[in-house]
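# Structural overview
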Amino acid sequence: MLEKLKTDPKTVGMRTTIRAIENGEAVYAFLADDADVFITRRVQELCQQKDVPYERIRTMKELGEACGVQVPTACAAIKRHA
């Protein structure tokens, strides 16, 4: 599923990922294991409330690279196609 971050519409980062989950736009989320627990816990709780499946990724660096950005990323989501 991680490879879909390169081709599908996505969010990168906490604010945009939370917004997408709250608005029903996110279909799948990713959380980095080495990110701040405050960030990942909030996103994980929202995923559970909104029935959005999620996957844990080992490092923020790995998640950032999968998103095609040059910075470590705590969370990301694949968005629904418009």
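Throughout what follows, the structure given in this document is the object of discussion. Please read all numbers here as calculations on a predicted model, not as lab measurements.

Another aspect to go through is the overall build of the protein. Regarding its fold elements, the protein presents 3 helices and 4 strands. The helix and strand sequence of the protein, counted from the amino end, reads β-α-β-α-β-α-β. Taken over C-alpha atoms, the radius of gyration comes to 11 Å for the protein, in line with the 12 Å a tight globule of 82 residues would show. Seen through its principal axes, the protein has C-alpha atoms that stretch 30 × 25 × 20 Å. When each of the 82 residues of the protein is scored for burial, the buried share is 39%. Relative to all contacts within the protein whose residues are 6 or more apart in sequence, the contacts with residues 24 or more apart total 79%. Counting every atom, the protein has about 4900 Å² of accessible surface; 50% of that belongs to carbon and sulfur. The average position of the 13 basic charges and that of the 12 acidic charges among the side chains of the protein differ by 4 Å.

Basis of the calculations
Residues numbered from 1 in each chain as written. Predicted model: local features only at pLDDT ≥ 70, side-chain atom pairs only at ≥ 80, totals over all residues. Heavy atoms only, no water. Helix = DSSP H or I, 4+ residues; strand = E, 2+ residues; numbered from the N terminus. Rg over C-alpha atoms; globule rule 2.2 N^0.38 Å. Buried < 20%, exposed > 50% of the residue type's maximum accessible area, 1.4 Å probe, protein only. Contact = heavy atoms within 4.5 Å. Areas by Shrake-Rupley, 256 points an atom, 1.4 Å probe, with all protein chains shown as cover. Lys, Arg positive; Asp, Glu negative; His and termini not counted. Charge placed at Lys NZ, Arg CZ, Asp CG, Glu CD.

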